[in-house]
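Fold and contact review
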Amino acid sequence: MTRFADALTALSLLDWAWFFGVWVGVTLLLWLVVRVVGVRASRFFWRTATQLDDYLADLLHATRWFFLIAVGLYVAVLTLEVTPLVRLRFTQLAFLALIVQGVIWFNRILARYVEHTTRGRVEEDPGAVTTVQAVGFVGRLVAYSVALLLALSNLGFEVGPLIASLGIGGIA
């Protein structure tokens, strides 16, 4: 940790000012784009008959602030002359934020799909509704598992043995 801290303290005051300016600027720009496009797209998309654009509007609304902040940090670090270690740590942070945001997006799409598929079918075919909901649960479980493995791998942990232990011997 000291090499990382030393690399950060080696930056000049002007570098820090530039870093914070780019970080705040990019984060606010992304937030503004997501909000403006999300509101305008939602107004338009809800009037159309297709479901694909409704999914896109849901994704815009599901975009979280931590993801925008992490992207802003990553872009700000790219504008500085920093050590490879500092660049690596900020890249890992941005990738972790992308993993979490990806799971949120996937969860939102899956929830919308399950809701759309099961709407009005409870009385006519309760078995199909239960099946679709079970598939949704398994989909979420797989998404969370993949996200966990990606996060661990991103942080430098060996996930190969963990995946191998999930084989026949790991389950038994």
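Scroll up for the structure.
Position numbers for residues count from 1 along each chain, tracking the sequence in the order it is written. With pLDDT at 70 or above as the cut-off, local features in this predicted model cover only qualifying residues; side-chain atom pairs require 80 or more to be listed or tallied, and sums for whole chains, interfaces and linings still use all residues. Side-chain calculation: all heavy atoms of the structure are included, whereas hydrogens and water are not.

Counting from the N terminus, the helices are DSSP H or I runs at least four residues long and the strands are E runs at least two residues long. Secondary structure summary: the protein contains 8 helices and 0 strands in total. Walking the protein from its N terminus toward its C terminus, one meets helices and strands in the order α-α-α-α-α-α-α-α. Within the protein, the fraction of its 172 residues that count as buried is 30%. Of the contacts formed within the protein by residues at least 6 apart in sequence, a portion of 70% connects residues at least 24 apart. Method for areas: the Shrake-Rupley scheme with a 1.4 Å probe, in which residue coverage is limited to the protein chains shown. For the protein, the exposed surface amounts to about 11200 Å²; the carbon and sulfur share of it is 73%. Each charge class in the protein can be summarised by its mean position, and for the 13 positive and 11 negative side chains these summaries are 5 Å apart. We call a residue buried when its accessible area falls under 20% of the maximum for its residue type, exposed when it is over 50%, and partly exposed in between, using a 1.4 Å probe and counting protein chains only. Whether two residues are in contact is decided by their heavy atoms, any of which lying within 4.5 Å being enough. Lys and Arg are tallied as positive, Asp and Glu as negative. Neither His nor the chain termini are counted. We put the charge of a Lys on NZ, of an Arg on CZ, of an Asp on CG and of a Glu on CD.

This part covers the packing of helix α1 (residues 2-9) against helix α5 (residues 84-118). To get an axis, a line is fitted to the C-alpha atoms, and for a helix only the part in contact is used. The angle between two axes follows their N-to-C directions and goes from 0 to 180 degrees. Contact geometry for α1 and α5: axes closest at 9 Å, N-to-C directions at 105°. It follows that α1 is roughly perpendicular to α5 by the angle criterion. Contacts between α1 and α5 involve Arg 3, Phe 4, Ala 7 and Leu 8 from the former and Leu 85, Val 86, Arg 89 and Phe 90 from the latter. Across the contact of α1 with α5, the residue classes tally to 6 nonpolar, no polar and 2 charged. Roughly parallel means an angle under 35 degrees; roughly antiparallel, over 145; roughly perpendicular, 65 to 115; everything else is oblique. All residues other than Ala, Val, Leu, Ile, Met, Phe, Trp, Tyr, Cys, Pro, Asp, Glu, Lys and Arg, Gly among them, are scored as polar; the first ten of these are nonpolar and the last four charged.

On to the nonpolar core, then. Within this scheme, the nonpolar core is defined by two criteria: the residues are buried Ala, Val, Leu, Ile, Met, Phe, Trp, Tyr or Cys, and they are joined through side-chain atoms within 4.5 Å. Residues Phe 4, Leu 8, Phe 19, Val 82, Val 86 and Phe 90 are the most contacted members of the largest nonpolar core, which totals 14 residues. If you list the elements that add at least two residues to this core, you get α1, α2 (13-45), α4 (65-78) and α5. Discounting chain neighbours no more than four positions away, the residues touching Leu 8 are Trp 16, Val 86 and Phe 90. Val 34, Leu 68, Ala 70 and Ala 97 belong to the second largest nonpolar core, which has 5 residues in total.

Another point: the environment of Glu 124. Note on placement: Glu 124 falls in the loop between α5 and α6 (126-154). Accessibility expressed as a relative area gives 61% for Glu 124, which makes it exposed. For the pair formed by Glu 124 and Ala 17, sequence separation is 107 residues and the distance between their alpha carbons is 63 Å.

Proximity of charged atoms lets side chains of opposite charge pair with each other. Every case where a carboxyl oxygen of Asp or Glu lies within 4 Å of a side-chain nitrogen of Lys or Arg is listed as a salt bridge. Within this structure, the stated rule accounts for 2 salt bridges. Salt-bridge contacts for Arg 119 lead to Glu 115; the nearest nitrogen and oxygen are separated by 2.9 Å.

Let us now look at α6. Residue pairs three or four apart in sequence face the same way in an α-helix, which turns once every 3.6 residues. In this analysis, the expected span of each helix is defined as 1.5 Å times one less than the number of residues it contains. Between its first and last C-alpha atoms α6 spans 42 Å; for 29 residues at 1.5 Å apiece the expected length is 42 Å, and the two agree. If you check which residues of α6 are buried, you get Ala 128, Val 129, Val 132, Gly 136, Gly 139, Ala 143, Ala 147, Ala 151 and Asn 154. Of the surrounding elements, those touching the buried residues of α6 are α5.

Patches draw on residues past 30% relative accessible area with no salt bridge. Two like charges within 9 Å are joined, as are two nonpolar side chains (Val, Leu, Ile, Met, Phe, Trp, Tyr) within 5 Å. Together, Phe 95, Leu 98, Phe 137, Val 138, Leu 141, Val 142, Val 146 and Leu 150 make up an exposed nonpolar region whose accessible area comes to about 690 Å². Broken down by secondary-structure element, the contributors of at least two residues to the nonpolar patch are α5 and α6. At 6 residues, the largest contribution of residues to the nonpolar patch is made by α6. Val 138 sits in the partly exposed class, given a relative accessible area of 47%.

A few words now on the packing of aromatic side chains. Pairs were defined over the aromatic rings of Phe, Tyr and Trp, the Trp ring being its six-membered one, requiring ring centres within 6.5 Å. Orientation was assigned from the angle between planes: stacked under 30 degrees, edge-to-face over 60, tilted for the rest. Under the criterion given, the structure shown has 8 aromatic pairs. Residues Trp 16 and Phe 19 carry aromatic rings whose centres are separated by 5.7 Å and whose planes lie at 85° to one another, so their mutual orientation is edge-to-face. Residue Trp 16 and its partner Phe 19 are both found in helix α2; the two are separated by 3 residues, about one turn of the helix. The exposure class of Trp 16 is partly exposed, given its relative accessible area of 26%. Since its relative accessible area comes to 5%, Phe 19 is described here as buried. Where Phe 19 meets Phe 90, the ring centres are 6.2 Å apart and the plane angle is 65°; that geometry is what we call edge-to-face. One end of the pair, Phe 19, is in helix α2; the other, Phe 90, is in helix α5, and 71 residues separate them in sequence. Residue class for Phe 90 comes out buried when judged on its relative accessible area of 13%. Lysine NZ or arginine CZ positioned within 6 Å of the ring centre and within 35 degrees of the ring normal marks a charge as sitting over the ring. Lying across the ring of Tyr 55, Arg 112 places its NZ or CZ 5.8 Å from the centre.

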